[in-house]
Amino acid sequence: MLSLTTRLKIFLSVLAVILLTGSFILYSKNNNTPSGKNEILIKALMQGLSTMHYKPEKVDDNFSKKAFKLYLDRLDFNKKFLLESDVAMLRQYETQLDDQLRAGSFEFFDISADLIEKRTKESEAFYKEILSKPFDFSKEENIELDGKKLKFAKDKNELKEAWRKQLKYQTLVRLADMQKQQEKATASVDSKGARKTMEQMEAEAREKVMTAYNELYKRLDQVTRDDRRSTYINAVANVYDPHTGYFPPKAKKD
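Being a predicted model, the structure only gives us computed values, none of them experimental.

## Overview of the overall build of the protein
When you go through the protein residue by residue, the secondary structure sums to 10 helices and zero strands. Written out in order from the N terminus, the α and β elements of the protein read α-α-α-α-α-α-α-α-α-α. Per-residue burial over the protein gives 37% buried out of 254 residues. Long-range pairs, those at least 24 residues apart, make up 77% of the contacts in the protein between residues at least 6 apart in sequence. With the model as given, the accessible surface of the protein reaches about 15200 Å², and the carbon-plus-sulfur share is 53%.

Written out as structure tokens, the structure reads:
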């Protein structure tokens with residue numbers, strides 16, 4: 001059970017977000033340009049958090065570093081899109097976010113959004129090519145699944161190799177499950193009435209992984225710039241506490 005004090009703090013944080021969103025809608029009527037609305041939005045957000053949050057943060061370089069880390073984790077937690085050089089380029093802004101927030105600037109966000117959109121499209125070719133061929137499961141390999149322990153790839157070849165291991169692992173998981181099912185069920189047969197071979201099950205497992213990624217990339221194609229902007233703004237808001245977040249007008253209405 002949450003204490004009364006904790007619940008009150010959460011309520012005040014949520015209330016602040018609602019008031020901020022309402023303020024944004026009101027103020028943005030006086031400026032119909034997208035850049036103007038976004039500038040008003042971030043300024044209203046920072047002003048509201050500074051004056052209404054129960055535990056206001058000092059917006060300085062340290063704040064900027066925290067927001068940068070939260071945002072980078074949400075941008076590519078599993079290190080399957082961005083390269084080491086991309087992160088190094090973005091890191092030039094690590095201590096500048098506080099200045100940009102005060103100025104109503106989305107310079108860093110726009111650069112990061114352009115970059116992740118580009119890398120996401122490039123990665124689509126990786127999984128389609130890799131899953132088009134059978135995996136060699138006779139070769140012993142290791143894979144790290146904890147995003148916190150992973151490192152960004154140094155180049156595209158290293159990134160593609162990371163994708164290969166991830167897809168091989170996911171195929172192996174499905175293949176192992178299919179093997180167990182076949183061992184238990186007597187009805188697991190092909191059209192000729194024979195038990196499925198390892199090659200047949202491996203092909204089916206790859207097809208299942210392919211279908212899952214096709215669906216994933218369909219959803220990724222539907223992510224808008226405003227959706228990405230909300231992710232960035234929420235990274236900033238979450239520096240204050242996990243319960244403080246930004247709701248864009250549509251999400252607030254929902």
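## Things to note about a nonpolar patch on the surface
There is a patch of nonpolar side chains on the surface, built from I143, L145, Y169 and V173 and spanning about 330 Å² of accessible area. When you line up the elements, V173 lands in helix 7 (residues 156–184).

## Some thoughts on the pattern of salt bridges
Counted by the stated rule, this structure contains 20 salt bridges. Residues R119 and D86 are paired through a salt bridge, measuring 2.8 Å at the closest nitrogen-oxygen approach. A residue pair is termed long-range when its members are at least 10 positions apart, and R119 in helix 6 (residues 107–130) and D86 in helix 4 (residues 84–90) qualify at 33 residues. Exposure remark for R119: the relative accessible area of 10% places this residue in the buried category. D86 sits in the buried class, given a relative accessible area of 5%. Across the salt bridge formed by D226 and R229, the nearest N and O atoms sit 3.8 Å from each other. One end of the pair is D226 and the other is R229, both in helix 9 (residues 225–237) and three residues apart, which spans about a single turn. Ionic contacts of the salt-bridge type, sharing partners, join the residues D110, D114, E117, R225 and R228 into one network.

## Observations concerning the nonpolar core
One finds M46, L82, W163, L167 and Y232 to be the most contacted residues of the largest nonpolar core, which totals 45 residues. Those elements that provide at least two residues to this core are helix 2 (34–52), helix 3 (61–76), helix 4, helix 5 (97–103), helix 6, helix 7, helix 8 (198–221) and helix 9. Top element by residues in this core is helix 6. It accounts for eight residues. In this view, Y232 contacts Y71, L97, L101, F106, F108 and F109; residues no more than four positions away in its chain are not counted.

## Considering the packing of helix 6 against helix 7
The geometry of helix 6 relative to helix 7 is characterised by a closest axis approach of 10 Å and an angle of 50° between their N-to-C directions. What the angle tells us is that helix 6 and helix 7 run oblique. Of the two elements, helix 6 crosses helix 7, and the hand of that crossing is right-handed. On helix 7, the residues that touch R119, E122, S123, F126, Y127, E129 and I130 of helix 6 are K156, L159, K160, W163, R164 and L167. Residue composition of the contact of helix 6 with helix 7, by class: six nonpolar, one polar and six charged.

Cut-offs applied
Residues numbered from 1 in each chain as written. Predicted model: local features only at pLDDT ≥ 70, side-chain atom pairs only at ≥ 80, totals over all residues. Heavy atoms only, no water. Helix = DSSP H or I, 4+ residues; strand = E, 2+ residues; numbered from the N terminus. Buried < 20%, exposed > 50% of the residue type's maximum accessible area, 1.4 Å probe, protein only. Contact = heavy atoms within 4.5 Å. Areas by Shrake-Rupley, 256 points an atom, 1.4 Å probe, with all protein chains shown as cover. Patch = residues over 30% accessible without salt bridge, like charges linked within 9 Å, V, L, I, M, F, W, Y side chains within 5 Å. Salt bridge = Lys/Arg side-chain N within 4 Å of Asp/Glu carboxyl O. Core = buried A, V, L, I, M, F, W, Y, C linked by side-chain atoms within 4.5 Å. Axes fitted to C-alpha atoms, helices over the stretch in contact; angles between N-to-C directions. Parallel < 35°, antiparallel > 145°, perpendicular 65-115°, else oblique. Left-handed = near helix turned anticlockwise from the far one by under 90°. Nonpolar A, V, L, I, M, F, W, Y, C, P; charged D, E, K, R; others polar.

On their own, these measurements won't tell you what the molecule is for.
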